[in-house]
Amino acid sequence: MDKKEIQNLVAQMTLEEKAGLLSGLDFWHTKPVERLDIPATMVSDGPHGLRKQDQEADHLGINDSIKAVCFPAASATAASFDPEMMEKMGEALGEACQHENLSVLLGPAVNIKRSPLCGRNFEYFSEDPYLTGVMATALIRGIQSKNVGTSIKHFALNNQEHRRMSSSSDCDERTIREIYFPAFEMAVKEAQPWTVMCSYNRINGVYASENPWLLTDVLRKEWGFEGYVMSDWGAVSDRVAGVAAGLDLEMPASGGVNDRKIVEAVQAGRLDEKAVDLCCERILNIIYRFVENAKPETPWDKEAQHRMAADVAAECMVLLKNEGDILPLSREDEIAFIGEFAEKPRFQGGGSSHINCFRTTGAVEAAKAQGLKVTYSRGYSVEADDAPADMIAEAVAAAKKAKAAVVFAGLPDAYESEGYDRTHMRMPESQNRLIEAVAEANSNTVVVLHNGSPVEMPWIGKVKAVLETYLGGQAVGLAQVRVLFGDVNPSGHLPESFPIKLEDNPSYLFYGGDPQGTEYREGIFVGYRYYDKKKMEVLFPFGYGLSYTTFAYSNLRLSADAIRDTDTLTATVTVKNTGKRAGKAVVQLYVGDMEGFVNAIRPVRELKAFRKVALEPGESREVSFTLGKRAFAHWNTRIHDWWVETGDFSIEVGDSSACLPLKATVKVESTVALPKNFDMNSIYMDILADPRGQEIFGSFIRKMTADFSSEQESVSEAASEAVTEEMNMAMLNYMPIRGAISFGGGLQEEQIREMLRKINEE
Ligand code: BGC
């Protein structure tokens, strides 16, 4: 149906029918209008599998949904740094949705991992907005290529579970634009998700579900979003305000209560019926886009998707430590697999994204199927969160007999879930004790981790290797065995910093907040942006990941030494596989404003481009990146827009935020002048930094400072020793121009005002 036809359809609807269309029929369906043959469509969680509920519906994953395939969660897939793979995973999900007649898959979830404590971090990609944006955009493209919608969520600033349905995320404009919006912005501009899901929380006091700035000014007018906005489940506080703000669909059903409120508000003249019409048009547009392209005959080959889930998981695993190249393990050796997660892996998180898997494969099963000489001992009990002495003793005995011991550890389900936050960053004490005991019994101890967010590793110095597998989906065991035994060379890189301890995290003092809200006081300094600026040690830095081979980076070339902010810059680099195995490098490019202190305090560096490159031993490749204005700009609150401050920028390339062997400099010149608003309180330094200010006030201010210095000197010798000329100059830098009246210089107030006017009018 085209726009005209949809408008005609809306014109035929009664006010009651229109208001009805703006909320769900039940938990998962939009409302049909039988009189006009408008069908109901079904939406479903998401995002790393299908959680289509057949029977009693709920949104917390308690009731069973259909048997489906659970792919790795976003915390894992982000570590792949591989948008192409992500797009393919999206295609597979889209096909499954077509098969199941699902119009929209509720994801991806792109909230920034502000603190390791957020219970839902496992569902989120990264602490970095650019990486999050690229990965989410790819997933959306993949799913939507099958004519199934997505619902990028949770818009916006839903970075904690604590009090998530009422808390206000209080954050400054620049931080919102630079950290919390870009993933949504990129996805909307580059992939047009069919729908956006607004978050539960308030933003600076206003609920996301009734926030016109968020849902209309930014999302639609600035970014050009064309789909419909739905509420998170139960996120509506004032439905009428929501309609006016641009919240099209309330989910789930409101039992007719809010539909009636919409009707009454229109009848009472408190709500423009045109706003209701517009919501209907947007919803119908997506309903028909799906219905007209529905392909229920699409096959859903779950076995093939299970294999794909294993391939994806293997691409995501991050090798954090590999002392003495203990990994990969030899297929000939006897290896002790220890820990309940080896048999029953934790591969997904709790809550609305919980998939009812048609099959799961743990590492023990996968290893046995390949005939590997693997023993298994339980080591700890996930349920009871303890490690009885006999379990540890059994594990230690197995470790002693084996060539190497692999402890499968991590966070139990109860430790991280939707709905509440973690209270600390530790693994269960039982597991920490087990790892220490095993490492003592066998010096070749490897730890395989299952978690959605960083954990403290008190035993890091005692084990030889650590493989971070995040929450790797239902086939995680297959992937773990492939990586452990070298069928796959690990190529994942950390999508977040691992702090040494929780207290190091920049949000630590403010996270969670009080009953009213949480203040994002660390501002733009989230994750590595903070650790780099503070020159702090971390356990593992953002972007970090080892391989069974080695890579060398060389020959960084820029297309220009100087550009204007309207130009693009190409950076080219050579990456070579210098080891003996085929492997994949993740080439990362970071940009840093080398002198950006005048208008904005900036991070040392920010990820602005990356590429995953497969290389045979000895092979080298050139990789080119194109950087536009946004790579250099910050959000300027004077013009409420992206702005580049003229100056030098560093371009650094390497394989993590902490290992960037190549560096070049480019000068970027701004083409946008900031509006000037010099007044009597403007200080000398700022006036002189402006060319026109220099022209108009320069000679006068220079004379004044000279007079001021000689006056000081004439006071006494002691005074002139105490305050040198440089000190005088430095102090005068901060003097407001109004000081010229009291401190001499021969200018009258009116003259100064006139001079200021001349600078400002330019
Ligand atoms: C979650 C959403 C989810 C929805 C439907 C909410 O509790 O926050 O992410 O899509 O439920 O299950």
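Look up a bit, the structure's there.
The following refers to the structure shown.

Rules of the game
Residues numbered from 1 in each chain as written. Predicted model: local features only at pLDDT ≥ 70, side-chain atom pairs only at ≥ 80, totals over all residues. Heavy atoms only, no water. Helix = DSSP H or I, 4+ residues; strand = E, 2+ residues; numbered from the N terminus. Rg over C-alpha atoms; globule rule 2.2 N^0.38 Å. Buried < 20%, exposed > 50% of the residue type's maximum accessible area, 1.4 Å probe, protein only. Contact = heavy atoms within 4.5 Å. Areas by Shrake-Rupley, 256 points an atom, 1.4 Å probe, with all protein chains shown as cover. Lys, Arg positive; Asp, Glu negative; His and termini not counted. Charge placed at Lys NZ, Arg CZ, Asp CG, Glu CD. Phe/Tyr/Trp six-rings, centres within 6.5 Å; stacked < 30°, edge-to-face > 60°. Lys NZ or Arg CZ within 6 Å of the ring centre and 35° of its normal. Near = heavy atom within 4 Å. Polar contact = N/O pair within 3.5 Å; in protein donor to acceptor, adjacent residues only side chain to side chain. Nonpolar A, V, L, I, M, F, W, Y, C, P; charged D, E, K, R; others polar. 1 Å grid on protein atoms, 1.4 Å probe; cavity = no way out; pocket = protein on both sides within 12 Å on 5 of 7 lines; lining within 4 Å. Points joined across faces, edges and corners; volume = space filled by probe spheres on them. Domains from an automatic or database assignment. Pairing = 2+ DSSP bridges. Salt bridge = Lys/Arg side-chain N within 4 Å of Asp/Glu carboxyl O. Axes fitted to C-alpha atoms, helices over the stretch in contact; angles between N-to-C directions. Core = buried A, V, L, I, M, F, W, Y, C linked by side-chain atoms within 4.5 Å.

Once that is clear, we can look at the overall build of the protein. Along the protein, the regular secondary structure elements total 24 helices and 25 strands. Taken against the 2.2 N^0.38 rule, which gives 27 Å for 762 residues, the C-alpha radius of gyration of the protein at 29 Å falls within 12% of a compact globule. Viewed in the frame of its principal axes, the protein has a C-alpha envelope of about 90 × 75 × 50 Å. Counting all 762 residues of the protein, 61% fall into the buried class. A separation threshold of at least 6 residues defines the contact pool for the protein, and within that pool the share at least 24 residues apart is 77%. Carbon together with sulfur atoms contributes 49% to the accessible area of the protein, which is approximately 28900 Å² in total. The distance from the centre of the 81 positive side-chain charges to the centre of the 110 negative ones in the protein is 2 Å.

Attention shifts here to the packing of aromatic side chains. On inspection of all chains with the given rule, the structure shows 20 aromatic pairs. When the ring of F632 is compared with that of F649, the centres are 5.2 Å apart and the planes differ by 75 degrees; the resulting orientation is edge-to-face. Taken as a pair, F632 in the loop between strand 21 (620–627) and strand 22 (634–636) and F649 in strand 24 (residues 647–654) lie far apart in primary sequence, 17 residues in all. Looking at R289, its charged tip hangs above the ring of W194, at a distance of 5.1 Å from the centre. R630 extends its terminal NZ or CZ atom over the ring of W642, reaching a point 3.6 Å from the ring centre.

A few words now on the site of the ligand. Surrounding the ligand, one finds 15 residues, the nearest of these being D45, R120, K153, H154 and D232. Here an oxygen atom of the ligand and a side-chain polar atom of R51 are 3.4 Å apart. E418 places a side-chain nitrogen or oxygen 2.9 Å from an oxygen atom of the ligand. In isolation the ligand exposes 310 Å². Once the protein is present, 100% of that is buried. Considered class by class, the residues forming the shell around the ligand number 5 nonpolar, 3 polar and 7 charged.

What follows concerns helix 6 (residues 173–180). Of all 8 residues in helix 6, 7 are buried; the element is thus mostly enclosed. At the N-terminal end of helix 6, a side-chain oxygen is found 3.2 Å from the backbone nitrogen of R174, two or three residues along, and the residue is D172.

A separate point is the environment of E100. Structurally, the position occupied by E100 is in the loop between helix 4 (83–99) and strand 2 (102–105). It is 32 Å that separates the C-alpha atoms of E100 and V481, two residues lying 381 residues apart in sequence. In contact with E100, not counting residues within four places along its chain, are L50, K52, I66 and W300. A polar contact is formed between the side chain of E100 and the side chain of K52, at a distance of 2.9 Å.

Empty space within the largest pocket amounts to approximately 1100 Å³. Lining the largest pocket we find 46 residues, and of these Y130, V134, M186, A609 and F610 sit closest to its centre. If you list the elements that add at least two residues to the lining of the largest pocket, you get helix 4, helix 5 (129–144), helix 7 (182–191), helix 12 (302–316), strand 20 (606–615) and strand 21. Considering each element in turn, the lining of the largest pocket owes the most residues, 9 residues, to strand 20. Looking at the lining of the largest pocket residue by residue, the class counts come to 22 nonpolar, 3 polar and 21 charged. In this model, the second largest pocket occupies a volume close to 700 Å³. Together, 22 residues line the second largest pocket, and N599, R638, L674, A689 and D690 are the ones closest to its centre. For the lining of the second largest pocket, a count of residues per class yields 9 nonpolar, 7 polar and 6 charged. The residues that make up the lining of the second largest pocket include at least three from each of domain 3 (551–669) and domain 4 (684–760).

Another aspect to go through is the pairing of strand 12 (residues 404–410). Summarising burial for strand 12: 7 of the 7 residues are buried, a large majority. With burial as the criterion, each face of strand 12 is covered, one bearing A404, V406, F408 and G410 and the other bearing A405, V407 and A409. By the bridge criterion, 4 bridges tie strand 10 (residues 335–338) to strand 12 in an arrangement that is parallel. By the bridge assignment, I335 is partnered in strand 12 with A404.

The next point concerns the pattern of salt bridges. Under the defined criterion, the tally for this structure stands at 49 salt bridges. The salt bridge partner of R174 is E178, with a shortest N-O separation of 2.6 Å. Within this pair, R174 and its partner E178 are both found in helix 6, separated by 4 residues, close to a single helical turn. Residue R174 shares its accessibility class with E178, and that shared class is buried. Two residues, R521 and E519, come together in a salt bridge whose shortest N-O distance is 3.3 Å. Under the relative-accessibility criterion, E519 is labelled partly exposed at 39%. The network of salt bridges with common partners includes R120, E123, E161, R164 and E418.

With that out of the way, let us pick up the sheet that holds strand 25 (residues 662–669). In spatial order, the strands read 17-25-24-19-20; together these 5 strands make up an open sheet with mixed pairing. Edge strands, defined here as strands with exactly one partner in the open sheet, are strand 17 (562–564) and strand 20. Mean inter-strand twist for the sheet, computed between neighbouring axes without regard to direction, equals 25 degrees. Relative to strand 24, strand 19 (residues 583–593) is paired through 6 bridges, and the arrangement is antiparallel. In the sheet register, L589 faces strand 24, and the bridge partner there is V653.

Further remarks concern the nonpolar core. Side chains of nonpolar character tend, in soluble globular proteins, to be buried together. Judged by nonpolar contacts, the single largest core of 189 residues is most densely connected at F155, L284, F337, M457, W459 and L484. If one sorts the elements of this core by residue count, helix 11 (residues 273–291) sits on top with 10 residues. In this structure F155 touches F181, F184, V196, M197, C198, S199, A208, L214, L215, L219 and W223, once residues within four positions along its chain are discounted. Among the nonpolar cores identified, the runner-up in size contains 32 residues, and Y553, L569, A571 and V653 belong to it.

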